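# A structural walkthrough
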Amino acid sequence: MPERAPLAPGDVVHCEMTKWGQHPHWVYDALWLGSDEHGDWVGVPTGTRFARPGRELTAGSDQVVLVPAPSDGVRPGWLATFHQAGGAVWAGEPSLPGPTSAGPRVATYVDMTTPAQWHGATLRAVDLDLDVVQDVAGTVVVDDEDEFAAHQVELGYPAHVVTSALQSCAWVHVAVVAGRAPFDGTHQVWLALLRG
């Protein structure tokens with residue numbers, strides 16, 4: 001089983017997201033911040049470059065990403081990004097709240113994924129399309145359900161992957177709406193650490 005390398009605050013973490021079948025998706029470098037009972041936290045400072053085939057974005061605001069801690073030995077299938085107050089800003093595309101969807105400014109963006117794995121200082125996961133998105137006004141929606149349905153056929157998601165993504169999405173949606181940990185402001189201490 002791959003493991004995370006020993007990391008000190010400020011160490012560079014390489015994040016690699018793919019789509020099912022090893023199709024390239026977003027790649028970016030972040031900074032190791034630390035761990036707590038909720039999982040591992042990495043920081044994405046303003047100016048961070050996100051790249052995927054045919055597209056690049058630059059983070060115009062600070063954000064932190066939570067890699068959830070394993071439960072009963074299994075890491076949940078999601079990655080949560082928390083944006084600084086005022087929501088996400090993307091240089092060159094100010095209407096975009098995050099790398100994959102448009103709309104009002106986003107405060108919290110949770111990607112449904114395969115369980116993320118550490119390989120030394122590299123974090124890898126497969127993006128499974130579904131997202132739970134909370135805007136700065138507090139509205140919470142599930143995004144990209146049409147893409148998820150299409151990719152079940154086009155990319156051949158196995159039945160257990162579909163079930164897992166739907167279960168993760170339902171759990172995250174309820175937790176974000178209820179403001180349940182770690183969606184209760186826990187990220188603020190990590191944003192402050194990133195800025196410090």
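Structure's up top.
Residues numbered from 1 in each chain as written. Predicted model: local features only at pLDDT ≥ 70, side-chain atom pairs only at ≥ 80, totals over all residues. Heavy atoms only, no water.

## With respect to helix α3 (residues 187–195)
Our working rule: Here's how the labels work: a residue is buried when its accessible area is under 20% of the maximum for its type, exposed when over 50%, partly exposed in between, all with a 1.4 Å probe on protein chains only. Only DSSP runs of H or I reaching four residues or more are called helices, and only runs of E reaching two or more are called strands; each is numbered from the N terminus. Taking the helix axis as origin, the arc is that swept by the directions to the C-beta atoms. Any two residues having at least one pair of non-hydrogen atoms within 4.5 Å are treated as being in contact.
By the burial criterion, the buried members of α3 are His187, Trp190, Leu191 and Leu194. End-on, the buried residues of α3 take up no more than an arc of 105°, which puts them together on one face. Here the buried face of α3 lies against β2 (23–36), β3 (39–44), β6 (63–68) and β7 (78–83).

## Quick word on the pattern of salt bridges
Formally: Here, a salt bridge means any side-chain nitrogen of Lys or Arg that lies within 4 Å of a carboxyl oxygen of Asp or Glu.
According to the stated counting rule, one finds seven salt bridges in the structure shown. With a shortest N-O distance of 2.6 Å, lysine 19 and aspartate 129 are connected by a salt bridge. Placement of the pair is lysine 19 in strand β1 (residues 12–19) and aspartate 129 in strand β11 (residues 122–135), with a sequence separation of 110 residues. In this structure aspartate 129 comes out as buried when scored by relative accessible area, which is 1%.

## A closer look at the side chain of serine 168
Structurally, the position occupied by serine 168 is in helix α2 (residues 159–178). Looking at serine 168, the relative accessible area reads 12%, which means it is buried. Serine 168 has contacts with Gly77, Trp78 and Met112, leaving out every residue within four places of it along the chain.

## Concerning the environment of alanine 69
Considering the arrangement of structural elements, one finds alanine 69 in the loop between β6 and β7. The class of alanine 69 is partly exposed, set by a relative accessible area of 25%.

## Comments concerning the nonpolar core
The condition is simple: Here, nonpolar core refers to any group of buried Ala, Val, Leu, Ile, Met, Phe, Trp, Tyr and Cys residues whose side-chain atoms link them within 4.5 Å.
Judged by nonpolar contacts, the single largest core of 27 residues is most densely connected at Val64, Trp78, Val110, Met112, Val132, Val172 and Phe183. Elements that contribute at least two residues to this core include exactly β6, β7, β9 (106–113), β11, α2 and α3. Residue contributions to this core peak at seven residues, all from α2. Filtering out sequence-adjacent residues up to four positions away, valine 110 remains in contact with Trp78, Leu79, Ala80, Leu130, Asp131, Val132, Val172 and Phe183. Core analysis: the next-biggest nonpolar cluster, separate from the first, contains 20 residues, Met17, Trp26, Trp32 and Val44 among them.

## What about the pairing of β1?
So the rule is basically this: Note: two strands are recorded as paired if DSSP finds a minimum of 2 bridges between them.
Examined bridge by bridge, β1 and β2 share seven bridges and lie antiparallel to one another. Bridge assignment links lysine 19 to a residue of β2, and that residue is histidine 23. Pairing geometry for β1 and β11, over five bridges, is parallel. If you follow methionine 17 over to β11, its bridge partner there is alanine 125.

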